Amino acid sequence: MIFFLGSIALVVILLLSEMPIAFAFGIGALVFGLASGSDISFLIPFAYQTTSSFALLALPLFVMAGTIMAEGGMSDRLLNFVNALVGRLKGGLGAVTIVTCALFGAISGSSSAAIAAIGSIMIPRMVREGYPPGHATALVACSSVLALMIPPSIPMIVFAVTGGISVGAAFLSTIIPGLLLTGVYVGLNFLFLRKVKTITVEEQVPVRVAVRRVGTTGAKAFWALLLPVFILGSIYSGIATPTEAAAIAFVYTVVVGFVFYRGLTLQNFPKAIGRAAVTTGSIIAVLFFLFVMSRAMVLEQVPKDVADALIALTENRIFVLLMINLILLLIGMIVDDVSGSVLAAIVLLPVATKIGVHPIHFAAIVGTNLGLGNVSPPCAPMLYMAAGISKLSLDKYVVPTMKLLCLGHLPMVLIVTFIPDLSLALPRLVMGIE
């Protein structure tokens, strides 16, 4: 256990010194393996075999689908459609941002992709229309993590593969919490902006004109809106596995981008694939070293020791769940969502199951909590990514961010943790999970 704590401390120090995540975990894994006496020649083949699994093949396919979606004009059409629905209300553009991030998550499965595709468009647009820049930045950052909860979710794929649970059931576990959080954020957005006088609102138009506009933008966004139906429908109808559904999503976005929307060209298509390859490569590198470390941890019985240590503090289930959530929050603040999913599956899943938490319920806890950590200062990788678009200093957006998190996301984490039926209802209904 002492070697584990030492290697984790080393990883944290390296991350805080801005070393790339893959290298930080690689050094941590090497140090832990050597210190614990594990055979490195045994750990590396295990990591290679795990990263080569069929289920993880969905990861690069969904990443490519997300980048092609942004490049091919699908995200613009989604924004225009949602804007036609609620954009004429005061604060409506903020609601457009939130809902579009949720929709984008139903296609790309990545919060960073949602910030890149939606935030780069919506933050400047909201500022131009009189939104406080800090609110616009906070809204994009907090809404981006909806992509972790609305399936398909890349972190949920990684968690399911690492934890040995059903990917489809893990997807279903976060749908209801994700939709509820979307609604909560929309409500908070309108509440916070009700007294802001600088916001410009579109002129009211006759109902028939508004309906026509919704119909027109909806028709243009039809192919983009149909993609989540294809993905989830193929998975839960039994037609395709999540990996096969990811392949369908990739082919679909290519066809729609080239043929229907014509946003993809022979010039920008290779660039989109190149960006997806870089993103995928960085994720796989992180996963590889995490799997090396995870195997060494299992051999040293670290998960069992952590479970025993937490339960030794108290047998109160509520207290243990709160401790687990605190650890998840700290993990989410330090590392990205994919790395956090692996660590949660390795170290905390055994603790949760030992106190009687259903593995699928715990998947929902992880998916909801890691998003909270990803936008919680001081580390907050997703928050700083959104701030990179707005070019604001921390003091300008930290207060709006904390208001959204404390009144929206944190209560949702507690609700998901202590009301298991919220996350287990759909897996039981659709997949017969007990």
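In this report, we go over the structure that sits alongside the text. Bear in mind the structure is a predicted one, so any value in this text is a computation, not a measurement.

Thresholds, definitions, all that
Residues numbered from 1 in each chain as written. Predicted model: local features only at pLDDT ≥ 70, side-chain atom pairs only at ≥ 80, totals over all residues. Heavy atoms only, no water. Axes fitted to C-alpha atoms, helices over the stretch in contact; angles between N-to-C directions. Helix = DSSP H or I, 4+ residues; strand = E, 2+ residues; numbered from the N terminus. Left-handed = near helix turned anticlockwise from the far one by under 90°. Contact = heavy atoms within 4.5 Å. Nonpolar A, V, L, I, M, F, W, Y, C, P; charged D, E, K, R; others polar. Core = buried A, V, L, I, M, F, W, Y, C linked by side-chain atoms within 4.5 Å. Buried < 20%, exposed > 50% of the residue type's maximum accessible area, 1.4 Å probe, protein only. Phe/Tyr/Trp six-rings, centres within 6.5 Å; stacked < 30°, edge-to-face > 60°. Lys NZ or Arg CZ within 6 Å of the ring centre and 35° of its normal. Salt bridge = Lys/Arg side-chain N within 4 Å of Asp/Glu carboxyl O. Parallel < 35°, antiparallel > 145°, perpendicular 65-115°, else oblique. 1 Å grid on protein atoms, 1.4 Å probe; cavity = no way out; pocket = protein on both sides within 12 Å on 5 of 7 lines; lining within 4 Å. Points joined across faces, edges and corners; volume = space filled by probe spheres on them. Expected span 1.5 Å × (residues − 1). Arc of directions from axis to C-beta.

Attention now goes to the packing of helix 4 (residues 58-71) against helix 16 (residues 268-299). Their axes nearest at 9 Å, the elements helix 4 and helix 16 cross at an angle of 145°. As helix 4 runs across helix 16, the sense of the crossing is right-handed. Contacts between helix 4 and helix 16 involve L59, P60, V63, M64, T67, I68 and E71 from the former and N268, F269, A272, I273, R275, A276, T279, T280, I283 and L287 from the latter. Grouping the amino acids of the contact of helix 4 with helix 16 by side-chain chemistry returns 11 nonpolar, four polar and two charged.

If you trace the backbone, I199 turns up in the loop between helix 12 (175-193) and helix 13 (207-220). Along the backbone, I199 and T401 are 202 residues apart, and their C-alpha atoms lie at a distance of 19 Å. Ignoring sequence-local partners within four residues, the contact set of I199 consists of K90, G91, E129, G130, Y131 and L193.

The biggest cluster of nonpolar side chains holds 141 residues, and the ones touching the most others in it are F159, L287, I324, L328 and F362. If sequence neighbours within four positions are ignored, L328 has contacts with A344, L348, F362, I365, V366, N369 and L370.

Scanning the entire structure with this criterion turns up six aromatic pairs. Between F159 and F362, the ring centres sit 6.0 Å apart and the planes meet at 50°, which makes this aromatic pair tilted. Taken together, the residues F159 in helix 10 (residues 154-163) and F362 in helix 20 (residues 359-374) connect sequence positions 203 residues apart. Take F159: its relative accessible area is 0%, and that puts it in the buried class. A relative accessible area of 0% means that F362 is categorised as buried. Consider the rings of F288 and F289, whose centres lie 5.6 Å apart with planes at 85°: the pair is edge-to-face. The class of F289 is partly exposed, set by a relative accessible area of 28%. Geometry around Y261 places R77 over its ring, the cationic atom sitting 4.0 Å from the centre. If you follow K403 out to its NZ or CZ, it ends over the ring of F192, 4.4 Å from the centre.

What follows covers the side chain of S173. Its place among the elements puts S173 in helix 11 (residues 167-173). Excluding residues that lie within four positions of it along the chain, S173 makes contacts with I360, A363, A364, S423 and P427.

A few words now on the pattern of salt bridges. Within the structure shown, the criterion is met by four salt bridges. Here E71 makes a salt bridge to R275, at a shortest N to O gap of 2.6 Å. In this pair, E71 sits in helix 4 while R275 sits in helix 16, placing the two residues 204 residues apart along the sequence. Classification of E71 by relative accessible area gives partly exposed; the value is 28%. Here K396 makes a salt bridge to D395, at a shortest N to O gap of 3.3 Å. Looking at D395, the relative accessible area reads 52%, which means it is exposed.

A few words now on the packing of helix 7 (residues 111-128) against helix 8 (residues 133-144). Following both chains from N to C, one finds helix 7 and helix 8 inclined at 160°, their axes separated by 9 Å at the closest point. Taken together, the axes of helix 7 and helix 8 are roughly antiparallel relative to one another. Relative to helix 8, helix 7 is oriented so that their crossing is right-handed. Contacts from S111, A114, I115, G119, I123, M126 and V127 of helix 7 reach helix 8 at P133, A136, T137, L139, V140 and S144. Its residues placed into classes, the contact of helix 7 with helix 8 shows nine nonpolar, four polar and no charged.

Space inside the largest pocket adds up to approximately 940 Å³. Contributing to the lining of the largest pocket are 38 residues, with S112, S282, D336, M382 and M385 lying nearest its centre. Ranked by the residues each element gives to the lining of the largest pocket, the list is headed by helix 7, at six residues. Split by residue class, the lining of the largest pocket holds 23 nonpolar, 11 polar and four charged.

Compared with an ideal rise of 1.5 Å per residue, which puts 15 residues at 21 Å, helix 14 (residues 222-236) spans 22 Å between its outermost C-alpha atoms and is within 8% of the ideal. Looking only at helix 14, the buried set comprises A224, L227, P228, I231, S234 and I235. The buried side chains of helix 14 occupy one side of the element, clustering within an arc of 150° when seen end-on. Immediately beyond the C-terminal end of helix 14, within one or two residues, lies G238, with a positive phi of roughly 85°.

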